[in-house]
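What follows is each chain in one-letter form.
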Amino acid sequence: MSLLELPIGSRARVVTIQGGMSRRRIMALGLREGDEIELLYKGAFGGPILVKNLSNGSQIAVGRGMAAKILVVPL
Amino acid sequence: MKRVVLVGQPNCGKSSFFSQISGLMVQTSNFPGTTVKLSKARVKFHGQEYEVIDLPGSYSLFPTDDAEQATLNFLLNEHFDIIINVIDASLIWRSLELTLELTELQKPMIVVLNMMDEARRRGVKIDIEKLQELLNVPVIPVIAIHGKGIYDAVRSLREARIPTRFTFSKHIEEAITSIEQKVHNRFLAIKYIEGVIPPPSELAKEIQEIQEKFAELHGLPSYEVISAERHHLSMKLAEKVTEKRGKRKIMLGDKLDRFFLHPVFGYLFLILAFALIFATAFWVGKFLEDLIISPLENISSAILSGVSSPALREILSSAIDGIIGGAGIVLPYFLPLVFLLSLFEEIGYLSRVAFLTDVLMHKIGLHGKAVVPFLLGYGCTVPALMATRIIENKRDRILSALLIPFVPCSARTAVILALVGYFLGLWYAIAFYFGNIIVIALVGRFLAIFRNEPSPELIIEVPSYKMPSLKIIVKKVAFQVEEFIFYAWPILIAGSIFLGVLQAGGITNYTNYIFAPFMKLISLPPNLGITLIFGFLRKELTLVMAAQAMGVEVTKLNLVLTTKQILTFTAFVTFYIPCLSSVVTQWREFGGKVVAMSTVLSFSVALIISLAIAII
């Protein structure tokens, strides 16, 4: 499933990050395939999604379009 | 003198560290050919002088924005002796990746482990000795915002050493070595293979073969192959130097977000916070303005009374008006606004603002990160235009540069409050501001028609909340104010003098005549023509100019203008070309094409709105 479908507060493992430039940016910010994440918040009115990377402690917000390109397996 | 570069990931506290070692004597300039800021400072320590250069925050040296590109270019092309790598200790797992990339430069280096207090609170224990041993460079624990460990860090610059040479898997290492033998630079060899910089023609074929081989073996572009290896190396390194994490405490900061990012309370607080910011800024601004203006005016009239020639008097008076306009009208409102915004930024709330406003900003074709320059725009357009540098995408920067001039700065706010607020009432003024936001959104949508790709998605780091440091906030404010004083103010004064010359030469008398048909079109008295046409030379004095043109006092303008005319006039003043300083800034930052677009756009919008008000 994509990050979009993951319920708030649940944990998952990132399987694939799609997209060209955005994929590079996300990886640079410290979110990589194989990392365990926790979905912290979903912005109201279709706002961005905040995830915590449990593998390194960083927090990243991504827009919903990008979130749809991040495929995860719930843990 | 030794040249030291400061490199670190965004939000690692690198600027705080730089502030602590640099004192107040900081020189700033732009990287050649870019708008990325470069800050330098000289530090003297035990007889050794260092020039410390604060390179822009970079997640990696595989650039994904202008700032990272500037850092990479500097490391590749400029001379330096020592690298200080600043790391957020609480995020050591991620931060070491950049550290490893820096070791590839094989230059003397020290590592500064910043935010040790935060790391401790998060249950991250780092074996500093071990890290020192594995990297073969001094590692200094620091709490930059409290100034702890700064002395040790500067002292250890003498002990900076060439770091350990980390090796990749065999086949990658072979490829690197092969190129390295030809270019005699490991870092450069890696960057060629990664495809970050185009190789010289004699190496092009070999590099391409390597890249193809990597693609075949891993099914990934070469930069990802190397970056993944580096990631594993850094994770291994981090594992060796961190103790198994104890039970992670739920931090106060984590709880705060439950409120600040809440779909209802988060937005309520956002509105409240900004209402408070603006109220405070205007309240403090008014206080400062009253404090500054009358002594300045006294000095001004004292000077002018000594001048007998009427022409000279006119010009001198304009010059003084320009000075007063900057010191007495713009600065008092700008200062508190910038202070409060810097405070929000330091605490970490601004990235939450970006999170909350992302949807809204998407409506005008931008994303949440762009909200900061727009907010600054309520203070002064010039620093707001400069602040668009934080937007990584060029197209978004230009879009912001076209929209920001529509945000009423403090000079225009003075006009709005005095005309609409004073004569028509507070609710009209509030409605005017909301109307302004709607117009900006509509113009943004209109401009979106010309963009053939959708605006890029928001991808930002949301760092943990931090205790703000007054010293750093003061520095940030000083920096913004400096930009106003050195860039905007001189142009404001020059524009004012120019207008004075025109008036002394009697040229302005003809303008009203020429523009009379235009003024008739938007139903304003012809006398106001000069105020509108030359207003952009000194918009902060629009009100005074309007009163002069109509031959009444400012407080009696409602006797000679109808409600509609007051609205039309204010709208026109608010929406058309903000001022000469902003035009010059646009020119310098974005070039003539953007200035031309912005001028046409703002004039059209001002005209359409004035016509609309006149017709309704």
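Numbering of residues starts from 1 in each chain and follows the order in which that chain's sequence is written. In the order they appear in the text, chains get letters beginning with A and ligands get numbers beginning with 1. Under the rules for a predicted model, residues below a pLDDT of 70 receive no local features and side-chain atom pairs below 80 are neither given nor counted, while totals for whole chains, interfaces and linings still include all residues.

## Observations concerning the overall build of chain A
Thinking step 1. Numbered from the N terminus, helices here are DSSP runs of H or I no shorter than four residues, and strands are runs of E no shorter than two. Of regular secondary structure, chain A possesses two helices and five strands.
Thinking step 2. Tracing chain A from N to C terminus, the helices and strands come up as β-α-β-β-β-α-β.
Thinking step 3. Atoms counted for the radius of gyration: C-alpha only. Globule rule: 2.2 Å times the number of residues to the power 0.38. Over its C-alpha atoms chain A spans a radius of gyration of 11 Å, differing by no more than 12% from the 11 Å that the globule rule assigns to 75 residues.
Thinking step 4. Considering only C-alpha atoms, chain A reaches an extent of 25 × 25 × 20 Å along its principal axes.

## A few points about the overall build of chain B
Thinking step 1. Broken down by element type, chain B carries 28 helices and eight strands.
Thinking step 2. Here the C-alpha radius of gyration of chain B, 28 Å, is about what a compact globule of 616 residues would show, namely 25 Å.
Thinking step 3. Oriented by its inertia axes, the alpha-carbon framework of chain B measures out at about 85 × 50 × 50 Å.
Thinking step 4. Each residue is classified by how many other C-beta atoms fall within 10 Å of its C-beta atom, where C-beta atoms are placed from the backbone; a count of 20 or more means buried, 12 or fewer means exposed, and values in between mean partly exposed. Buried positions account for 48% of the 616 residues belonging to chain B.

## Quick notes on the nonpolar core
Thinking step 1. To define a nonpolar core, we join buried Ala, Val, Leu, Ile, Met, Phe, Trp, Tyr and Cys residues through C-beta atoms within 7 Å and take the resulting set. Judged by nonpolar contacts, the single largest core of 195 residues is most densely connected at Val112(B), Leu113(B) and Ile193(B).
Thinking step 2. In this description, a residue-residue contact is defined by the distance between C-beta atoms placed from the backbone, which must lie within 7 Å. Setting aside chain neighbours within four positions, we find Leu113(B) in contact with Ile87(B), Ala89(B), Ile126(B), Ile128(B), Val139(B), Ile140(B), Pro141(B) and Val142(B).

## Points about helix H2 (residues 66–77) of chain B
Residue and element names in this part refer to chain B.
Thinking step 1. In this model, H2 (12 residues) spans 16 Å end to end at C-alpha, consistent with the 16 Å of a helix rising 1.5 Å per residue.
Thinking step 2. All of the buried residues in H2 are Asp66, Ala67, Glu68, Ala70, Thr71, Leu72 and Leu75.
Thinking step 3. Where H2 is buried, its residues contact strand S1 (2–8). For a helix, the expected span equals 1.5 Å multiplied by the number of residues minus one.

## Points about the domain arrangement of chain B
Residues and elements named next belong to chain B.
Thinking step 1. Annotation comment: domain bounds sourced from an automatic or database domain assignment. For chain B, the assigned domains are domain 1 (2–159), domain 2 (170–241) and domain 3 (265–460 + 467–615).
Thinking step 2. Just the C-alpha atoms count here: the centres of domain 1 and domain 2 sit 25 Å apart.
Thinking step 3. The interface of domain 1 with domain 2 comprises 15 residues on the first partner and 16 residues on the second.
Thinking step 4. Among the elements of the structure, helix H3 (92–103) and helix H5 (128–135) are those that each provide at least two residues to the side of domain 1 that touches domain 2.
Thinking step 5. Among the elements that take part in the side of domain 1 that touches domain 2, H3 stands out by supplying six residues, more than any other.
Thinking step 6. Of the residues that constitute the side of domain 1 that touches domain 2, the class distribution is nine nonpolar, one polar and five charged. Classification used: nonpolar for Ala, Val, Leu, Ile, Met, Phe, Trp, Tyr, Cys and Pro, charged for Asp, Glu, Lys and Arg, polar for all others including Gly.

## Observations concerning the pairing of strand S6 (residues 109–114) of chain B
Along any regular strand the residues' side chains alternate between the sheet's two faces.
Residue and element names in this part refer to chain B.
Thinking step 1. Taken across its six residues, S6 has six buried, putting it largely inside the fold.
Thinking step 2. Of the two faces of S6, the one holding Met109, Val111 and Leu113 and the one holding Ile110, Val112 and Asn114 are both buried throughout.
Thinking step 3. Alignment of strand S5 (residues 82–88) against S6, held across six bridges, turns out to be parallel. The residue bridging Asp88 from the neighbouring strand is Asn114, located in S6.
Thinking step 4. With its strands directed away from the observer, a crossover is right-handed exactly when the path from the first strand over the helix to the second travels clockwise. In this view, the connection linking S5 to its parallel neighbour S6 by way of H3 has right-handed handedness.
Thinking step 5. At least two bridges found by DSSP between two strands is the condition for calling them paired. One ladder, built from three bridges, connects S6 with strand S7 (residues 139–141); its direction is parallel. When the sheet's bridge partners are listed, Leu113 is paired in S7 with Pro141.

## Topic: helix H27 (residues 580–590) of chain B
Residues and elements named next belong to chain B.
Thinking step 1. Leu580, Ser581, Ser582, Val583, Thr585, Gln586 and Phe590 are the residues of H27 that are buried.
Thinking step 2. Turning to H27, the residues buried within the fold contact helix H16 (381–387), helix H17 (394–403), helix H20 (470–504) and helix H28 (592–615).
Thinking step 3. A positive backbone phi angle near 95° is found at Gly591, which sits one or two residues after H27.

## So, unusual backbone geometry
All names here are of chain B.
Thinking step 1. At His46, a position not held by glycine, the phi torsion is positive, near 45°.
Thinking step 2. By C-beta crowding, His46 is classed as exposed, having 7 other C-beta atoms within 10 Å.
Thinking step 3. Here Gln106, not a glycine, exhibits a phi torsion of approximately 50°, which is positive.
Thinking step 4. Following the sequence through the fold, Gln106 ends up in the loop between H3 and S6.

## Observations concerning the packing of H5(B) against helix H10 (residues 222–241) of chain B
Thinking step 1. Interhelical geometry of H5(B) versus H10(B) gives an angle of 145° and a closest axis separation of 8 Å. Along the contact surface, H5(B) presents Lys130(B), Leu131(B) and Leu134(B), while H10(B) presents Leu237(B), Lys240(B) and Val241(B). Where helices are involved, their axes are fitted lines through C-alpha atoms of the stretch in contact, as for all axes, and angles between N-to-C directions lie from 0 to 180°.

## Considering the packing of H17(B) against H28(B)
Helix packing geometry: the angle between the two helix axes and the distance between the axes.
Residues and elements named next belong to chain B.
Thinking step 1. Put simply, H17 and H28 touch, their axes get as near as 9 Å, and they point 40° apart. Between H17 and H28, the angle is such that the two are oblique. Every pair of crossing elements has a handedness; the one defined by H17 and H28 is right-handed. Between H17 and H28, the contacting residues are Ile398, Ala401 and Leu402 on the first element and Val594, Met597, Ser598 and Leu601 on the second.
Thinking step 2. Residues of the contact of H17 with H28, tallied by class, amount to six nonpolar, one polar and no charged. To sort the angles, those under 35 degrees are grouped as roughly parallel, those over 145 as roughly antiparallel, those from 65 to 115 as roughly perpendicular, and the leftovers as oblique. By the definition used in this description, the sense in which the near helix is turned from the far one sets the handedness, with an anticlockwise turn below a right angle giving left-handed and a clockwise turn giving right-handed.

## So, the sheet that holds strand S2 (residues 36–42) of chain A
Thinking step 1. Taken in spatial order, the six strands line up as S5(A)-S1(A)-S2(A)-S3(A)-S4(A)-S8(B) in an open sheet, and their pairing is antiparallel. Looking at the sheet topology across the chains shown, the edges are occupied by strand S5 (70–74) of chain A together with strand S8 (459–461) of chain B. The average undirected angle you get between the axes of adjacent strands in this sheet is 40°.
Thinking step 2. Bridge analysis of strand S4 (residues 59–62) of chain A against S8(B) gives three bridges, and the strand direction is antiparallel. The partner of Ile60(A) across the bridge, within S8(B), is Glu461(B).

## Description of the interface of chain B and chain A
Thinking step 1. Contacts between the two partners involve 26 residues from chain B and, on the opposite side, 29 residues from chain A.
Thinking step 2. Looking at the side of chain B that touches chain A, the elements with two or more residues in it are H3, H10, helix H14 (349–363) and S8 of chain B.

## Observations regarding the environment of Thr585(B)
Residues and elements named next belong to chain B.
Thinking step 1. Here Thr585 is to be found in helix H27.
Thinking step 2. Spatially, the C-alpha atoms of Thr585 and Gln208 are 43 Å apart, while their sequence positions differ by 377 residues.
Thinking step 3. With sequence-adjacent residues up to four places away left out, Thr585 is seen in contact with Val382, Leu385, Met386 and Tyr487.

## Some points on the environment of Met467(B)
Residues and elements named next belong to chain B.
Thinking step 1. With respect to the helices and strands, Met467 occurs in the loop between S8 and H20.
Thinking step 2. Taking the number of C-beta atoms within 10 Å as the measure of exposure, Met467 has 11 and is therefore exposed.
Thinking step 3. For Met467 and Arg397, which are 70 residues apart along the polypeptide, the C-alpha to C-alpha distance reads 30 Å.

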